[in-house]
Amino acid sequence: MKKKSIMLVLILALSSILTACGSYKFEPEMNIEVKDFSVTNQRSEQVSLDDFKGMPWLAMFIFTNCNSICPPMTFNMAEVQKALQDKGVEDYQIVAFSVDPEVDKPDVLTNYLKSYSVPDESKWQLLTGYDQKYIEQFARQSFNSLVMNDPNSDQVTHMGSYYLVNADGVVVKDYDGNTNVPVDTIVADMKALTK
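Attention in this report is confined to the structure presented alongside it. (Residues numbered from 1 in each chain as written. Predicted model: local features only at pLDDT ≥ 70, side-chain atom pairs only at ≥ 80, totals over all residues. Heavy atoms only, no water.)

Moving on, we come to the overall build of the chain. Scanning the chain from N- to C-terminus turns up five helices and ten strands. Going through the 195 residues of the chain one by one, you find that 45% of them count as buried. Looking at the chain alone, contacts between residues at least 24 apart form 73% of all its contacts between residues at least 6 apart. Of the roughly 10,400 Å² of accessible surface on the chain, a fraction of 52% belongs to carbon and sulfur atoms. (Helix = DSSP H or I, 4+ residues; strand = E, 2+ residues; numbered from the N terminus. Buried < 20%, exposed > 50% of the residue type's maximum accessible area, 1.4 Å probe, protein only. Contact = heavy atoms within 4.5 Å. Areas by Shrake-Rupley, 256 points an atom, 1.4 Å probe, with all protein chains shown as cover.)

Dropping the structure here:
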């Protein structure tokens, strides 16, 4: 009798887990339209918001000279990309806006990305080709994100978030990109948006 009860509990628990896995529902938490932009990527190509429409993308703000959160954020994003590959998610982009565009020229961004184990570099767009004032305003208006130059150092203050942007160019969710990265949630959300 005891074995049957335990077995029944295990079967019910397993079936609820399987049911939950099959019925994941994406819940948007934000609704901010990304402002149009025309910038340069690490390949010295001109890209605009239209180039990212039609598929979801993950955005972040980084700079190559960063001595705090940018290295772990970039490392963590590479881990997110590995998880996306493992789950068969293919239609997405990873977009990193430099918050130090004077330093982060295309070749600098290319070299920066090479120092990480990125599974598929073709999905990464590291962006520059604007001035400091532009990126500060753009981050605030398009992502409700803080970017602020520190006049007393070579560092730039910025947030350590990842932003999920849907296929229409609307920011729908943000995540911690620095320490407690919810990789499984990001992958599930991305899968839900690519269906």
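Let's shift gears to the sheet that holds strand E9 (residues 161–165). Adjacent strands of a sheet pair through backbone hydrogen bonds, lying either parallel or antiparallel. Across the sheet, which stays open at both edges, the six strands sit in the order E1-E10-E9-E4-E5-E6 with mixed pairing between neighbours. Looking along the sheet, the strands with just one partner apiece sit at the ends: strand E1 (32–33) and strand E6 (124–127). In this structure, strand E4 (residues 57–62) lies alongside E9, joined through three bridges in antiparallel fashion. By the bridge assignment for E9, Trp57 is matched with Val165. (Pairing = 2+ DSSP bridges.)

Attention now goes to helix H5 (residues 183–194). Between the first and last C-alpha of H5 there are 16 Å, a value that for twelve residues agrees with the 16 Å anticipated at 1.5 Å per step. Buried within H5 we find Ile186, Val187, Asp189 and Met190. The arc enclosing the buried residues of H5, seen along the axis, measures out at 165 degrees, which places them on a common side. Residues of H5 that are buried sit in contact with E4, helix H2 (70–86), E9 and strand E10 (170–176). (Expected span 1.5 Å × (residues − 1). Arc of directions from axis to C-beta.)

Contact geometry for H2 and H5: axes closest at 10 Å, N-to-C directions at 50 degrees. Taken together, H2 and H5 sit at an angle that is classed as oblique. Here the hand of the crossing between H2 and H5 comes out right-handed. When H2 is examined against H5, the residues Val80, Ala83 and Leu84 are found in contact with a partner set consisting of Val183, Ile186, Val187 and Met190. Its residues assigned to classes, the contact of H2 with H5 shows seven nonpolar, no polar and no charged. (Axes fitted to C-alpha atoms, helices over the stretch in contact; angles between N-to-C directions. Parallel < 35°, antiparallel > 145°, perpendicular 65-115°, else oblique. Left-handed = near helix turned anticlockwise from the far one by under 90°. Nonpolar A, V, L, I, M, F, W, Y, C, P; charged D, E, K, R; others polar.)

Now for the side chain of Gln81. Checked against the element boundaries, Gln81 lands in helix H2. Here Gln81 falls in the buried class, since its relative accessible area comes to 0%. Residues contacting Gln81, with those up to four places away along its chain left out, are Tyr92, Ile94, Val118, Pro119, Asp120, Lys123 and Trp124.

This brings us to the nonpolar core. In terms of nonpolar packing, the biggest core is built from 57 residues, with Phe37, Trp57, Phe97 and Phe143 touching the most fellow members. With sequence-adjacent residues up to four places away left out, Phe37 is seen in contact with Val47, Ser48, Leu49, Phe52, Trp57, Phe97, Leu127, Tyr134 and Phe138. (Core = buried A, V, L, I, M, F, W, Y, C linked by side-chain atoms within 4.5 Å.)

So, on to the pattern of salt bridges. All told, the structure shown has three salt bridges when counted by the stated rule. The partner of Lys173 in a salt bridge is Glu29, and the shortest N-O contact between them spans 4.0 Å. Note that Lys173 is positioned in strand E10 and Glu29 in the loop between helix H1 (2–22) and E1, a separation of 144 residues in sequence. The exposure class assigned to Lys173 is buried, which follows from its relative accessible area of 7%. (Salt bridge = Lys/Arg side-chain N within 4 Å of Asp/Glu carboxyl O.)

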